[in-house]
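Per-entry structural report
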Amino acid sequence: MQERTAELTQSLQQLQNTQLQLIQSEKMSTLGQLIAGIGHEINNPIGFISGNCSHIEEYVKDLLRLVNLQHQKLPHPDPEIEELVEEIDLEYLVEDLPKILGSMEQGIGRLKDISLSLRTFARSDISSMVEFQIHEGIDSTLMLLKHQLKDQGERSVIEVVKQYGELPPITCYPGQLNQVFMNIIANAIDAFDDLYQNRSVEEIAAASPHTIMIATSIQHEQQTVTICIEDNALGMPPEVQARVFEPSFTTKPVGKGTGLGLAISYQIIIDKHNGQINCSSTSGQGTKFIITLATSVDRKKISAIALG
Ligand SMILES: Nc1ncnc2c1ncn2[C@@H]1O[C@H](COP(=O)(O)OP(=O)(O)OP(=O)(O)O)[C@@H](O)[C@H]1O
Ligand SMILES: [Mg+2]
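First, a word on what this report is: a plain description of the structure on this page. Every value quoted in this text rests on a predicted model; they were computed, and no experiment measured them.

1. So, a negative patch on the surface
On the surface, a cluster of negative charge is contributed by Asp 78, Glu 80, Glu 82, Glu 83, Glu 86, Glu 87, Asp 89 and Glu 91. Broken down by element, the negative patch gets its largest block of residues, five residues, from helix α2 (residues 79–87). Within the fold, Glu 86 resides in helix α2.

2. Remarks on empty space enclosed by the protein
Under the counting rule described, the total for this entry stands at two cavities of 30 Å³ or more. What the largest cavity holds in volume is close to 40 Å³. Lining the largest cavity we find Leu 195, Tyr 196, Arg 199, Glu 203, Ile 204 and Ala 207. If you go around the second largest cavity, the residues you meet are Ile 170, Thr 171, Cys 172, His 273, Leu 293, Ala 294 and Val 297. Among the elements of the structure, β3 (170–172) and β7 (286–294) are those that each provide at least two residues to the lining of the second largest cavity.

3. Some remarks on the pairing of β7
Relative to β7, strand β5 (residues 224–231) runs antiparallel, the two being bridged by eight bridges. Within β7, the residue paired with Val 225 across the bridge is Leu 293. Sheet topology note: the strand β6 (residues 276–282)/β7 ladder contains seven bridges and is antiparallel. Note on β7: the bridge partner recorded for Ser 281 is Thr 287. A loop of three residues connects β6 with β7, the two strands running antiparallel in sequence, and Gly 284 in this loop sits at a positive phi of about 85 degrees.

4. A closer look at the nonpolar core
By size, the foremost hydrophobic cluster in this structure holds 49 residues, and its most contacted members are Ile 134, Ile 212 and Ile 291. Looking at which element gives the most residues to this core, the answer is helix α5 (residues 174–194), with 10 residues. When residues are assigned to domains, this core turns out to be shared by domain 1 (1–122) and domain 2 (127–307), each giving three or more. For Ile 134, the residues in contact, after removing those within four places along its chain, are Leu 167, Ile 170, Leu 177, Phe 181, Val 225 and Ile 227.

5. Quick look at the packing of aromatic side chains
According to the stated counting rule, one finds two aromatic pairs in the structure shown. Note on Phe 245 and Tyr 266: the rings are 5.1 Å apart at their centroids and 45 degrees apart in plane angle, and the pair reads as tilted. In this pair, Phe 245 is assigned in the loop between α7 (238–241) and α8 (261–272) and Tyr 266 in helix α8, connecting sequence segments 21 residues apart. The class of Tyr 266 is partly exposed, set by a relative accessible area of 35%. Taking the centre distance of 6.3 Å and the plane angle of 80 degrees together, the rings of Phe 245 and Phe 289 count as edge-to-face. With Phe 245 in the loop between α7 and α8 and Phe 289 in strand β7, this residue pair connects regions lying 44 residues apart in the sequence. The burial state of Phe 245 is the same as that of Phe 289; both residues are buried. Here the aromatic cluster, defined as three or more aromatic residues joined through ring pairs, consists of Phe 245, Tyr 266 and Phe 289.

Conventions we followed
- Residues numbered from 1 in each chain as written.
- Chains lettered and ligands numbered in written order.
- Predicted model: local features only at pLDDT ≥ 70, side-chain atom pairs only at ≥ 80, totals over all residues.
- Heavy atoms only, no water.
- Patch = residues over 30% accessible without salt bridge, like charges linked within 9 Å, V, L, I, M, F, W, Y side chains within 5 Å.
- Areas by Shrake-Rupley, 256 points an atom, 1.4 Å probe, with all protein chains shown as cover.
- Salt bridge = Lys/Arg side-chain N within 4 Å of Asp/Glu carboxyl O.
- Lys, Arg positive; Asp, Glu negative; His and termini not counted.
- Charge placed at Lys NZ, Arg CZ, Asp CG, Glu CD.
- Helix = DSSP H or I, 4+ residues; strand = E, 2+ residues; numbered from the N terminus.
- 1 Å grid on protein atoms, 1.4 Å probe; cavity = no way out; pocket = protein on both sides within 12 Å on 5 of 7 lines; lining within 4 Å.
- Points joined across faces, edges and corners; volume = space filled by probe spheres on them.
- Pairing = 2+ DSSP bridges.
- Core = buried A, V, L, I, M, F, W, Y, C linked by side-chain atoms within 4.5 Å.
- Buried < 20%, exposed > 50% of the residue type's maximum accessible area, 1.4 Å probe, protein only.
- Domains from an automatic or database assignment.
- Contact = heavy atoms within 4.5 Å.
- Phe/Tyr/Trp six-rings, centres within 6.5 Å; stacked < 30°, edge-to-face > 60°.

Written out as structure tokens, the structure reads:
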């Protein structure tokens, strides 16, 4: 009887875990489609503005040339014109206009980057594996997290150091891999935020600059690539490290963490990609995640795994 109860409890636990993961991946795929949709929708208006901006620049240049020429040829214009020149402060206008156009172009450039990142990040090729340049995935993830990496309140800026090797495109589910990068990097950012809890100003001032190191490399013989994401934040004690991939395991307050990020990531790397993911951490020093993926996969094997 006792045995039976234990079995049932275990099955229930497993069911609950599966349910959580299903909910989470469903949420992410809906979210992924939404993000891709937004990325796509804003792309047209951005193109429109950006296309017009280059015409405006031309027209403005032409008009300024005309004003200059007129000024040269007619150094003593009609008083009414002189009055207007004063009123609109022509000298300042001529100086400021190109600057304004320049900063508008910068803004458009940023919008283009964001739109591209949204689309790269959310590539929802859920049903089939495709070749994907994973550096693009990491970069789009970083772009979406950009404002969280900036200094916030008392927390200083988090610098991202990239050491990218020369990687071939990897056969994978891009949208899902990006989710993994997002989960790991977001956790590192949370860990830096936590550094500031219960610390004195002196301790904080003595803390080393915050860095997230992202290194990739290829192992030609094994035909694998490795992605290493390492932070120098809080690290974790061994008893936490042992449980990070467990569904619903979190050390964060209710509302901040669901404890699913790494459980989902584990499922994506191990089950969906037949890869490996490992975590090593030293309490008080930092945390390192290492992901290993095959450069190309036996599709039959993978789909059998994914279905199973
Ligand atoms: N870089 C890290 N530094 C320190 N602790 C970490 C780090 N990454 C993960 N952890 C620990 O592992 C736990 C589980 O992480 P996981 O991403 O699965 O869940 P979560 O971040 O708590 O919640 P969720 O990701 O669902 O919002 C975290 O609560 C934290 O204690
Ligand atoms: Mg997390």
